[in-house]
Amino acid sequence: MRDEILDYLIKSKFVESYTKKLVYPSDKDNLQDDYISEVWLQLCEVKDEKWQEIMNNNKNSDPMYGVRNFVSVIIKNTVRSVTSAAYRKLKKQSTVAQNLNDDDWEILANTI
């Protein structure tokens, strides 16, 4: 299950697209790539049981809907975090999307 989900995320480029919408490119690709790498590291650490739970709890007709929502929360938390490696490394050199409300995040997650 885990491998299929990660394969889907790689092929769909969801992580890259969503992260780039939230991290403005004032520092060009450097900051965006740092956040993307950090998110991928977190996703690779998610256990198969968690992915299975997400898939089983999905009530939407799109089988990856729950996965995208879960991943969007990880991305959002990483981008908003002041303790992330990317944030510490670049110390606010780029403007990060910090002021979006939860409805905005869900809309972004489902438009990619």
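As shown above, the structure is provided for reference.
Model, not experiment: these values are computed from the prediction. Residue indices begin from 1 for each chain and proceed along its sequence in written order. Under the rules for a predicted model, residues below a pLDDT of 70 receive no local features and side-chain atom pairs below 80 are neither given nor counted, while totals for whole chains, interfaces and linings still include all residues. With hydrogens and water set aside, each side-chain value is computed from the structure's full complement of heavy atoms.

> Just give me the short version of the nonpolar core, but keep the residues and values in it.
Throughout, nonpolar core names a set of buried Ala, Val, Leu, Ile, Met, Phe, Trp, Tyr and Cys residues whose side chains join them through atoms within 4.5 Å. Summary of the burial criterion: residues with accessible area below 20% of their type's maximum are buried, those above 50% are exposed, and those between are partly exposed, where the area comes from a 1.4 Å probe applied to protein chains only. One finds L9, V15, L43, W51, V67, V71 and I75 to be the most contacted residues of the largest nonpolar core, which totals 26 residues. Helix and strand assignments come from DSSP, with helices taken as H or I runs of at least 4 residues and strands as E runs of at least 2, each series counted from the N terminus. Elements with a minimum of two residues in this core: α1 (2–12), α2 (14–22), α3 (28–44), α4 (48–56), α5 (65–80) and α6 (85–90).

> Account for the packing of α1 against α4, naming residues and giving values.
Between α1 and α4, the shortest axis-to-axis distance is 9 Å and the interhelical angle comes to 75 degrees. When the interaxial angle is binned, α1 and α4 end up roughly perpendicular. Residues R2, I5, L6 and L9 of α1 pack against D48, W51 and M55 of α4. All amino acids are sorted into three groups, where Ala, Val, Leu, Ile, Met, Phe, Trp, Tyr, Cys and Pro are nonpolar, Asp, Glu, Lys and Arg are charged, and the leftover types, Gly among them, are polar. Here the residues of the contact of α1 with α4 are counted per class, giving five nonpolar, no polar and two charged. Fitted lines through C-alpha atoms give the axes, limited to the stretch in contact for helices. The angle between two N-to-C directions lies from 0 to 180 degrees. The labels follow the angle: roughly parallel below 35 degrees, roughly antiparallel above 145, roughly perpendicular from 65 to 115, and oblique for the rest. Between two residues, a contact is recorded if the distance between any of their heavy atoms is within 4.5 Å.

> Describe in detail the pattern of salt bridges, supporting the description with residues and values.
Salt bridge criterion: a side-chain nitrogen from Lys or Arg within 4 Å of a carboxyl oxygen from Asp or Glu. Going through the model one piece at a time under the given rule, you end up with four salt bridges. Across the pair D3 and R2 runs a salt bridge, and its minimum N-O distance is 3.6 Å. Between E53 and K50 there is a salt bridge; the shortest N-O distance is 3.7 Å. You can see E53 and its partner K50 sitting in helix α4, three residues apart, about one turn around the helix. Residue E53 is classed as partly exposed on the basis of its relative accessible area, which comes to 40%. For K50, a relative accessible area of 31% translates into the label partly exposed.

> Describe the packing of aromatic side chains, with residues and values.
Given two aromatic rings, one states the distance between the centres and the angle between the planes to describe the pair. Any Phe, Tyr or Trp ring, taking Trp's six-membered ring, that has another such ring centre within 6.5 Å forms a pair; planes under 30 degrees apart are called stacked, those over 60 apart edge-to-face, and the others tilted. Inspection of the entire model under this criterion finds two aromatic pairs. Look at F14 and Y18: their rings are 5.5 Å apart centre to centre, the planes differ by 20 degrees, and that puts the pair in the stacked class. One end of the pair is F14 and the other is Y18, both in helix α2 and four residues apart, which spans about a single turn. Side by side, F14 and Y18 carry an identical accessibility label, which is buried. Between W51 and F70 the ring centres are 5.4 Å apart and the planes differ by 80 degrees, which places this aromatic pair in the edge-to-face class. A residue pair is termed long-range when its members are at least 10 positions apart, and W51 in helix α4 and F70 in helix α5 qualify at 19 residues. Among the residues examined, F70 registers a relative accessible area of 22% and is labelled partly exposed.

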